[in-house]
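Here's the letter readout for the chains.
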Amino acid sequence: MTLSKNGEIGLAVLLVVLFLIPSMMLGLLYGESPYHVVPGEPVKEAADAAGISVVSVKGTLWNLTGALGGKTYVLTDPEGDTATIAAQAFDSADSRDAAVRLYNTNAPGKGRQIGSLIVVGQYLIYATPANSPIFAKLAPALQQAAKAQS
Amino acid sequence: MSEDAAGKTSGIPSKKVLGLFALAMINVAAVLSIRNFPSMAIYGWSCVGWYVIGAILFLIPISLAGAELATGWPEGGGVYAWVKQAFGEKGGFTALFCEWSNNLVWFPTVLSFIASTLAFALTPSLAANPWYMFSVMMIAFWGTTAIAYFGEEISAKFSNIGVIIGSIIPAVLIILLGLWWLGSGQTLVLPPISLGAMVPTINLSTLPFFSTIVLLFAGMEMAGFHALETRDPQKDFPRAMALSAFIIIICTVLATLAIAVVIPADQLNLASGVMQAIQYFFNAAGIAWLVGPMALLITLGGVVNLASWLIGPAKGLGIVAEEGNMPPLFDRTNKYGAPVAVLLIQALIGSAISLLYVFLPSVNQAYWILSAMTVELLCIVYILVFAALIKLRYSQPDTPRPFTIPGGIAGVWIVGGLGLFGTALAFVVGLMPPAYFSSGITYVLSVLLGTFLLAVPPLVFLKFKHPGWLKKSPGGEKS
């Protein structure tokens, strides 16, 4: 099979497009998280709804531009699993999104990020370990809270 | 591809400018990153256990495999040349392309690191400005591409100086501060050291981290891409592998522990980017004035890290094109021997993905999937390299290898087997979705589909390959 000069250029364009397809498709599939004010304490409310106990709560202010403060929860479920989940509010979409970028930047080497992060309105909610069963139980309620207000 | 005594290939003039130190620094630049330390310090003493796992299942095997393969087949193209010997052009091209394509998805991460670290030296709030972020990312990306344009000599000098100033010196500084902290009787935030404390917790929750730890040392094969410019590859490659592995492991483990003993674990979370951790560290040590200069050094370290990944695989792809496996469009080299067409296409694609990354950052789930694709593509590269190491001992047992893995065929099976096990397991756990993904199937299919799309172009190119793609030598002969 042979290619004309135009065919070769077409192959190069196809290569560029191939790289952009996954990024663009994923962007469309998952959508952006709009910035809006979610009232109350979404983590505590989700934990209560899922029957997960709060072992301790501590106020935290992250050393990031636009961080307004939040709480770090240590949670435990009836199976005895524990997880640390931190919620931090941000004063704008830009500062919140900068924190999301920082999170992605912190991934060691060429591996995946440590912990899990979801965006709920003005909050970033960060859980360790990434695959904690507790966070798996909370995540649907948190994502619902994010959608309900948007 | 033919190579004459002067190291000239048919199309790319190759000056023999690299020695032992330069080769070692290429690997150190690709692997050693201050970016990793705070993230790993979260694990306290158990980070030692995680590093041991990473060393046994990846760092040591890839260093030994790289040393044997690079001395046995000291040709341009690195992983391409090695895997091609074992599995033919399809295998070699696929391995190289996966190494190149995973970079394009990963570049925004390191570019964002460069921009946000530089912002810390200027005005930290700049990191929240997407236009600042994108501008600096593009300057770093295209600037590094420009350095690559001027060929191996300039790139090597930049890499040698940059990695010392931007990665090794900051790491040593962190280690010295940790030692000072210990020596001056300050409070240690870690419990007393014990063997039990160093054993990592491995369960379903922490298993996805396994893929990260295995690939923490990815890049040890980077020097192999520069074989044509190496003065004495048979002698220098093994020693460069050993030297770089030693520098990387010492700096990584000690600097991580230095951070872990000083900064409480609850400060080492999302809130602690590298610079936030450094700021905490330096404030505690009473040298807050050094935070800004340190940010500049670490920014340079980020650029050097970017440069090593940007240049190596692109050079490899240039050689694949020169061998007639890609259309002549990809086979453009300049007078410095740099593969300009590949560099340009790489820069265009990387810029477009960076644009999405900066302006759609809260699409976090999407980015997680892209990260997972990076992991899967890299695993494909290393699975092929370890498999090639084993196969070549059977298919080409008599090829002279100035460095051979000790222990004969059993030694090769142990080294290759450990590497294969580590990277295959990393591939599998790389498919595990994080807890918040509502549909695990969608996640797995997305990652596999994306990985397939970014791994399949070599098969398309080889399908259309024809003799007209071979570069003509000055005398008019097909090389």
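Attention in this report is confined to the structure presented alongside it. Per chain, the residues get numbers from 1 upward, laid out in the order the sequence is written. By the order in which they are written, chains take letters starting at A while ligands take numbers starting at 1. Per-residue local features of the predicted model are confined to residues with pLDDT of at least 70, and side-chain atom pairs are confined, for both listing and counting, to 80 or more; whole-chain, interface and lining totals are unaffected and use all residues. As a rule here, side-chain values come from all non-hydrogen atoms in the structure, and water together with hydrogens is ignored.

On a plain count of helices and strands, chain B comes out with 16 helices and zero strands. Here the globule rule is a power law, 2.2 Å times the number of residues to the power 0.38, and the radius of gyration is based on C-alpha atoms. A compact globule built from 479 residues would reach a C-alpha radius of gyration of about 23 Å, and chain B, at 22 Å, matches this within 12%. Along the longest, intermediate and shortest principal axes, the C-alpha atoms of chain B span 70 × 50 × 50 Å. Burial status follows relative accessibility: with a 1.4 Å probe on protein chains alone, a residue under 20% of its type maximum counts as buried, one over 50% as exposed, and anything between as partly exposed. Looking at chain B as a whole, 64% of its 479 residues are labelled buried. A contact between two residues is defined here by any heavy atoms of the two lying within 4.5 Å. Intrachain contacts of chain B at a sequence separation of at least 6 include 81% that bridge at least 24 residues. Comment: elements are numbered from the N terminus, with helices defined as DSSP H or I runs of at least four residues and strands as E runs of at least two.

To continue, consider the pattern of salt bridges. Residue and element names in this part refer to chain A. Salt bridges are identified by distance alone: a Lys or Arg side-chain nitrogen within 4 Å of an Asp or Glu carboxyl oxygen. Considering all chains together, one arrives at 12 salt bridges over all chains under this definition. Across the salt bridge formed by Lys44 and Asp48, the nearest N and O atoms sit 3.1 Å from each other. Note that Lys44 and Asp48 are positioned in helix α2 (residues 42-50) at a spacing of four residues, about one turn of the helix. Judged by its relative accessible area of 34%, Lys44 falls in the partly exposed class. The closest approach of N and O atoms between Glu79 and Lys137, which form a salt bridge, is 2.8 Å. One end of the pair, Glu79, is in the loop between β2 (67-76) and β3 (82-90); the other, Lys137, is in helix α4 (residues 133-149), with 58 residues separating them in the sequence.

Let us look at the sheet that holds strand β1 (residues 53-60) of chain A. All names here are of chain A. Judged by pairing direction, the sheet is antiparallel, and its five strands sit side by side in the order β1-β2-β3-β5-β4 without closing on themselves. The sheet is open, and its two borders are formed by β1 and β4 (116-120), each paired with just one other strand. Strand-to-strand, the axes of this sheet are offset by a mean angle of 20°, without reference to chain direction. Only when DSSP finds a minimum of two bridges between them are two strands counted as paired. Of the strand pairs in this sheet, β3 and strand β5 (residues 123-128) are connected by six bridges, and their pairing is antiparallel. Bridged to Ala86 within β5 is Tyr126. The convention used is that axes are lines fitted to C-alpha atoms, helices contributing only their stretch in contact, and that angles between N-to-C directions extend from 0 to 180 degrees.

Put simply, helix α1 (residues 5-30) of chain A and helix α15 (residues 440-455) of chain B touch, their axes get as near as 8 Å, and they point 160° apart. Taken together, α1(A) and α15(B) sit at an angle that is classed as roughly antiparallel. The crossing of α1(A) and α15(B) is right-handed. Note on element contacts: α15(B) touches α1(A) through B:Thr442, B:Ser446, B:Leu453 and B:Leu454, opposite A:Leu18, A:Phe19, A:Ile21, A:Pro22, A:Leu26, A:Leu29 and A:Tyr30. Each residue belonging to the contact of α1(A) with α15(B) can be placed in one class, and the counts come to nine nonpolar, two polar and no charged. Note on terminology: angles under 35 degrees are roughly parallel, angles over 145 are roughly antiparallel, angles of 65 to 115 are roughly perpendicular, and the others are oblique. By convention the crossing between two helices is left-handed if the near helix lies anticlockwise of the far one by an angle smaller than a right angle, and right-handed if it lies clockwise. Throughout, the ten residues Ala, Val, Leu, Ile, Met, Phe, Trp, Tyr, Cys and Pro are labelled nonpolar, Asp, Glu, Lys and Arg are labelled charged, and all others, Gly among them, are labelled polar.

Here the focus is the nonpolar core. Nine residue types can take part in a nonpolar core, namely buried Ala, Val, Leu, Ile, Met, Phe, Trp, Tyr and Cys, and a core is a set of them joined through side-chain atoms within 4.5 Å. Core analysis: the largest hydrophobic core is formed by 217 residues, its most contacted members being A:Ile125, A:Leu138, B:Trp100 and B:Ile174. With 23 residues, helix α4 (residues 79-122) of chain B is the single largest residue contributor to this core. For B:Trp100, the contacting residues outside a window of four places in its chain are A:Leu15, A:Phe19, B:Pro313, B:Ala314, B:Leu317, B:Val342, B:Ile345, B:Gln346 and B:Ile349.

Moving on to the interface of chain A and chain B. Each partner contributes residues to the interface: chain A has 66 residues there, and chain B has 90 residues. Taken together, both faces of the contact between chain A and chain B bury some 6600 Å²; the carbon and sulfur share is 66%. Counting residues per element, the ones that place at least two in the side of chain A that touches chain B are α1, α3 (93-105), β4, β5 and α4 of chain A. Counting residues per element, the side of chain A that touches chain B draws most heavily on α1(A), which supplies 18 residues. Simply put, the buried area is the total loss of 1.4 Å probe accessible area from both parts when two parts are fitted together.

Read these as spatial facts, not as claims about activity.
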